[in-house]
Each structure stands twice: as structure tokens, then as C-alpha cells.
Amino acid sequence: MKIDNCIYMDYQATTPLDPEVSKSMEPYYNELFGNPHSADHILGWRSQQAVNRAQKQIASLIGSESEEIIFTSGATEANNLALLGSALGAAANQKKRILISAIEHKSVMEAAHALSEQHKILIEIIPVDEQGFVNLSKLYDLLNNDVLLVSVMAVNNEIGTIQDLKEIGKLTHKSGALFHCDGVQAPMAIDLDVRDTCIDLLSLSAHKIYGPKGIGALYVAHEKSPHIKPIIHGGGQQKGLRSGTVPTPLCVGFGEAADKLTKEQKKGERQRIEYLRDLFIDNLRKEEIAFSVNGPNTDSRHPGNANLNFTGCEAHSILLSLQPKLCAATGAACSSGIIEPSHVLSSIGLSEKIASSAIRFSFGRFSDEQQVAEAITLIKNAIEAHP
Ligand code: PMP
């Protein structure tokens, strides 16, 4: 997709709204505007039906039941609900430790930080190796019956590492802790089944899967929901776990996006994106541009992720010189603007100086070979012009 002649290579920051998804949302902004919680009339029922259908579509993406999907404003809120909600739910018992991996998203890290300050929960960091894989033996050592929750993201947003969720889930459950997984980047990269992986809480976001911004979800396993307390109080919607009127059009868009993703994946979307990512890296090499790849070089990598280190170049100034022709990112979009070394890159052992040469390119549904070829020319010129 080219917007105003700009090549978009930042699909891990956000995806454009799929035109079919956008169309499916329209009636719920217009004639079908009823409040889904209005139980006394047809417009309310129609909205409620649409919300139920969206829950079903999202549930089918992750192998859960519809009723286990709780809508939130995005994955930031879902992550906060998972961590703060489980700490509130555990207030009476003795579990006072939470383990998070070193490369979690800021919304997990900061929620954990708030818990340690306000609720005297001890937060411990599970280290990762130089490719971003969680150190499983360290996790094993840290686990004990006083651990309340383990939080590990499925697929990293910066370097694309796909974790061994089955093993992490198994270890976590053996110790009696809850397993929370930030699954925001997962649907694009892997088939994720919450039962298979022992996930109790899974965060999702619509705008990473060609759905609308402003909506996400937390999957809460039936049997674990009594252990989670709300962080937003009000009318008791969504089983009391997340009060507030559910935004029907956004739910519909999220559901349709999930449904379309499944269909596109059956048609080989992941393989096509992986092919373009690999073509990009191979052709950059052919141009004899000096770079190395950050993160895993195995199959356990997001198919659309290329996090590259351009030796001796300042990533910010390269990206600036590529404006307005090419969109990519220096780190997680959420932390861009604050120029500080990415905690993900430092956790995998990169020095601040090396990390400042890293650019994340991410490919998606509307990427194509022509964009890859044009991007390479633009990057080559930008690097050659770099002081
Ligand atoms: N977790 C991960 C891994 C993400 O990539 C993001 C988005 N950058 C979030 C959480 C936050 O998602 P949202 O924008 O829906 O709040």
C-alpha cells in the first residue's frame, strides 16, 4: 500500500484498516446505533447480537469460548487489567511475586512497576538470550508457589522473537501461577491456541490485525476469572470485569478483522509476507549495504519482521532522511519520541551505540515486491548520503 507515495513498512506499529473491515463497521455507526446493553428493544438486541458475533470470531482465532473475551480500549488496557486485576484478585492470599520477561511491552512493564510501588508486589525479571528467547531454566528457578503471575509476550514487537509458549505455560501452571501472555503481535505470526499453551490471560489489539484503533481484548479463562478483579468500575458490563458501554462498531471491526485474518492465512498470507521480508534482506545484502540482523535468525521469528543494524549509521537520521517516502521505526512505536535506548535491544546485549543504528522494518498485507525494490534504492541512497 502506498499512501501519498509513501512506502509503509511499519506494520508492527499499526496496520491500516482493511477496507472490508471498515465496510462491516459502517451500519453500526449509522442505523444500527443501539446500545448493546439496552435489553428492552430491538436496536439494543441487534447491537448485542453483533457484539456476540465479534466475540465468537475473536474466540475462534485463539481457541477460546466467546464468553471468555472481554473487550477493552486496546492492549495497553488489557495488559493493565491482566496484571493489576490479578494482583487485586490475589490480595487475600500469600502470592506476592510477579515474573515478567525482560522484553515486555511498556504497558506490562509499567503496570508491573505500579504494582510494586502501590501493592508491594515483588517484580522479578526473567532474562532473555541474545535472540530474545526467555531463559527457561532461569524461569524454572524463579518459579515457586508464591508466584502469582508470569507475563511473557508471545511474539516480540521489536525483534520478532516467537517464544516457546507451551513450555512457559507448562512450567507456570506447574507452580500454580497464572500465565498472562501479551499476544498483540501473535495473530500475524503464529496459530495461537490458548488451551494448548496453558494461557490464562491473553491480550489482543485490533489495530495490529487490520482492525480499528481503540479496541482490544483480554481473554480470561473461565476457571480463572474469579481470581481477576476489575480495574474500571461502573455498570457491571462484561461480567463486571470491565464496566462501560461496549463500542459496537469497533467490536464488529475487531471481529471481522480476526475472521479475515484467518481466511487470509489459509490463503498463505504469512508465507507471502515472509517471502517479501527475506527478499528485502537478501537484496540489501546484494547491494553490499553493511548491516546485521537483530533478533532470531531461525524459524522462530515474526514472518514480517526485519530488525536491522546499519553499521555506523544513526537510525533516527536515516529515517528522517527517508521522509516522506518510507515509513519504518527505530524501536517500538509506543516509545518513539522519547529517545532512549530500546530496553529490548539492550536486553539482548546490544550496546547503546549499536542499538542506535537499529531500524525495524515490518511487512504486511499490502506490501509487495515493487515496494521492496523501491525501498532498497531509497535506503541505499540514504546510507550513502549519511555523514
Ligand atoms: N503490546 C505489544 C506487544 C504491542 O506491540 C502494543 C502496541 N505497540 C501494545 C501492547 C499496546 O497496544 P495498544 O496500542 O492496543 O494499546
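Our structure is the block above this text.
Presented here is a report on the structure given in the accompanying data block. (Residues numbered from 1 in each chain as written. Predicted model: local features only at pLDDT ≥ 70, side-chain atom pairs only at ≥ 80, totals over all residues. Heavy atoms only, no water.)

### Some remarks on the sheet that holds strand 3 (residues 69-72)
An order of 3-9-8-7-6-4-5 is seen for the 7 strands of this open sheet, with the pairing classed as mixed. In this open sheet, the two strands that pair with only one neighbour each are strand 3 and strand 5 (122-126). For this sheet, the mean inter-axis angle between neighbouring strands, taken without regard to orientation, is 20°. Across 3 bridges, strand 7 (residues 178-182) lies against strand 8 (residues 201-205) in parallel orientation. By the bridge assignment, His180 is partnered in strand 8 with Leu201. Taken strand by strand, helix 4 (residues 106-118) contacts strand 4 (97-101), strand 5, strand 6 (147-151) and strand 7, and its axis lies near 160° from that of strand 4. (Pairing = 2+ DSSP bridges. Helix = DSSP H or I, 4+ residues; strand = E, 2+ residues; numbered from the N terminus. Axes fitted to C-alpha atoms, helices over the stretch in contact; angles between N-to-C directions. Contact = heavy atoms within 4.5 Å.)

### Side note on the packing of helix 9 (residues 269-286) against helix 13 (residues 369-385)
At their nearest, the axes of helix 9 and helix 13 sit 10 Å apart, and the two run at 30° to each other. Between helix 9 and helix 13, the interaxial angle falls into the category roughly parallel. Note on packing geometry: the crossing formed by helix 9 with helix 13 is right-handed. Every residue of helix 13 that contacts helix 9 at Tyr275, Leu276, Leu279, Phe280, Asn283 and Leu284 is listed here: Glu369, Val372, Ala375, Ile376 and Ile379. (Parallel < 35°, antiparallel > 145°, perpendicular 65-115°, else oblique. Left-handed = near helix turned anticlockwise from the far one by under 90°.)

### So, the side chain of Thr248
When you line up the elements, Thr248 lands in helix 8 (residues 248-266). Taking the relative accessible area as the measure of exposure, Thr248 reaches 4% and is therefore buried. With near-sequence residues (within four places) excluded, Thr248 lies in contact with Tyr28, Gly34, Pro36, Ser47, Ala50 and Val51. (Buried < 20%, exposed > 50% of the residue type's maximum accessible area, 1.4 Å probe, protein only.)

### Concerning the pattern of salt bridges
Inspection of every chain in the model, using the stated rule, returns 19 salt bridges. The residue Glu77 makes a salt bridge to Arg242 at a minimum N-O spacing of 2.7 Å. With Glu77 in helix 3 (residues 75-89) and Arg242 in the loop between strand 9 (216-220) and helix 8, the pair connects residues that are 165 residues apart, well separated along the chain. With respect to burial, Glu77 and Arg242 carry one shared label: buried. Across the pair Glu287 and Lys380 runs a salt bridge whose closest N-O atoms are separated by 3.5 Å. Residue Glu287 is found in the loop between helix 9 and strand 10 (291-293), and its partner Lys380 is found in helix 13; the two are separated by 93 residues along the sequence. Among the residues examined, Lys380 registers a relative accessible area of 23% and is labelled partly exposed. Residues joined in a network through salt bridges with shared partners are Asp18, Glu20, Lys260, Glu269 and Arg365. (Salt bridge = Lys/Arg side-chain N within 4 Å of Asp/Glu carboxyl O.)

### Considering the pairing of strand 11 (residues 305-310)
Both faces of the sheet carry side chains from a regular strand, because those side chains alternate between them. Counting buried residues along strand 11, 6 of its 6 residues qualify, which places the element largely inside the surrounding structure. Residue alternation in strand 11 divides its side chains into two sets, Asn305, Asn307 and Asn309 and Ala306, Leu308 and Phe310, and both sets are buried. Bridge count between strand 10 and strand 11: 3 bridges; the pairing is antiparallel. Across the sheet, Val293 pairs through a bridge with Leu308, a residue of strand 11. Of the pairings in the sheet, the one linking strand 11 to strand 13 (residues 358-362) comprises 5 bridges and is antiparallel in character. In the strand pairing of strand 13, Asn309 is matched with Ala358.

### What to know about the site of the ligand
Lining the immediate surroundings of the ligand are 15 residues, of which Thr76, Asp182, Ser205, His207 and Lys208 lie closest. Ala75 has a polar backbone atom sitting 2.8 Å from an oxygen atom of the ligand. The fraction of the free accessible surface of the ligand (400 Å²) that becomes covered by protein chains is 90%. With 3 residues, helix 3 is the largest single contributor of residues to the shell around the ligand. Among the residues making up the shell around the ligand, the classes are represented as 4 nonpolar, 9 polar and 2 charged. (Near = heavy atom within 4 Å. Polar contact = N/O pair within 3.5 Å; in protein donor to acceptor, adjacent residues only side chain to side chain. Areas by Shrake-Rupley, 256 points an atom, 1.4 Å probe, with all protein chains shown as cover. Nonpolar A, V, L, I, M, F, W, Y, C, P; charged D, E, K, R; others polar.)

### Regarding the environment of Pro296
The residue Pro296 is located in the loop between strand 10 and strand 11 in this model. On the basis of relative accessible area, Pro296 is assigned to the buried category, the value being 1%. It is 22 Å that separates the C-alpha atoms of Pro296 and Ser367, two residues lying 71 residues apart in sequence. The residues contacting Pro296, other than those within four sequence positions of it, are Gln131, Phe133, Ile159, Thr161 and Arg301.

### Observations regarding the pairing of strand 5
Here strand 4 pairs with strand 5 via 5 bridges, running parallel. When the sheet's bridge partners are listed, Leu99 is paired in strand 5 with Glu124. Read from strand 4 through helix 4 to strand 5, the crossover connection turns out right-handed. (Right-handed = clockwise from strand over helix to strand, strands pointing away.)

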